[in-house]
Amino acid sequence: MLINFHCHKIAGKKKNIEIQNFYKNFDSINKDNYFSAALHPNYINKLTWREEMTKIENIASRNTLVAIGECGLDKVCKTDFVLQQEVFAAHIILANKLKKLLVLHCVKAYDEIIKMLSLHKNLVHVIFHGFNKNPLLA
């Protein structure tokens with residue numbers, strides 16, 4: 001059996017466990033499938049992010065939600081960095097409240113992510129999506 005922890009489309013192989021990641025279209029989540037949900041830094045809309053977070057909070061009561069993510073910080077994308085930090089803080093708080101792990105997107109912002117996790121007293125496990133740094137940083 002394989003576990004696909006971060007798929008964007010369910011393949012439907014009966015032997016495998018698939019955890020679908022949602023960063024939009026939260027109303028379309030199948031209640032029977034395992035999933036993670038969050039606002040990815042590349043897709044944060046400063047006018048609608050609070051409404052989107054409310055949708056995530058509403059679906060978070062499902063026992064098929066396994067993680068909050070992929071969320072985080074990205075210094076290369078076009079989204080305002082201060083806005084990214086505000087949204088990331090909301091994700092940390094929600095993950096801690098739900099006791100769900102965090103799946104993190106991080107581009108050139110490791111120091112800031114670690115600082116924010118500490119500042120918001122993160123208590124849940126963290127998985128960096130696409131981590132390619134050295135063992136010392138890990």
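Please refer to the structure higher up on the page.
Here is a short report on the structure shown in this document. (Residues numbered from 1 in each chain as written. Predicted model: local features only at pLDDT ≥ 70, side-chain atom pairs only at ≥ 80, totals over all residues. Heavy atoms only, no water.)

A count of helices and strands for the protein gives three helices and six strands. Listing the helices and strands of the protein from first to last along the sequence gives β-β-β-α-β-α-β-α-β. Looking at the protein residue by residue over its 138 residues, the buried ones come to 43%. In the protein, of all internal contacts separated by at least 6 residues, the share reaching a separation of at least 24 is 61%. Working note: accessible area of the protein is about 8,600 Å², and carbon and sulfur atoms make up 54% of it. (Helix = DSSP H or I, 4+ residues; strand = E, 2+ residues; numbered from the N terminus. Buried < 20%, exposed > 50% of the residue type's maximum accessible area, 1.4 Å probe, protein only. Contact = heavy atoms within 4.5 Å. Areas by Shrake-Rupley, 256 points an atom, 1.4 Å probe, with all protein chains shown as cover.)

For the rest of this paragraph, the subject is the environment of Leu123. With respect to the element layout, Leu123 can be found in the loop between α3 (110-119) and β6 (126-128). Considering only alpha carbons, one finds Leu123 and Ile92, 31 residues apart in sequence, at a separation of 9.1 Å.

At a minimum axis separation of 12 Å, helix α1 (residues 49-59) and helix α2 (residues 81-98) run at an interaxial angle of 15°. If you check the angle between α1 and α2, you find them roughly parallel. The interaxial crossing formed by α1 with α2 has right-handed handedness. For the pair α1 and α2, contact is made by Trp49, Arg50, Met53, Ile56 and Glu57 and by Leu83, Glu86, Val87, Ala90, His91 and Leu94, respectively. For the contact of α1 with α2, the class distribution of residues is seven nonpolar, one polar and three charged. (Axes fitted to C-alpha atoms, helices over the stretch in contact; angles between N-to-C directions. Parallel < 35°, antiparallel > 145°, perpendicular 65-115°, else oblique. Left-handed = near helix turned anticlockwise from the far one by under 90°. Nonpolar A, V, L, I, M, F, W, Y, C, P; charged D, E, K, R; others polar.)

Before going further, it helps to examine the nonpolar core. Ranked by size, the top nonpolar core spans 34 residues in total, and within it Phe88 and Leu102 carry the most contacts. Top contributing element to this core by residue count: α2, with eight residues. Among residues more than four places away in sequence, those in contact with Leu102 are Ile68, Cys71, His91, Ile92, Ala95, Leu117, Asn122, Val124, His125, Val126 and Ile127. (Core = buried A, V, L, I, M, F, W, Y, C linked by side-chain atoms within 4.5 Å.)

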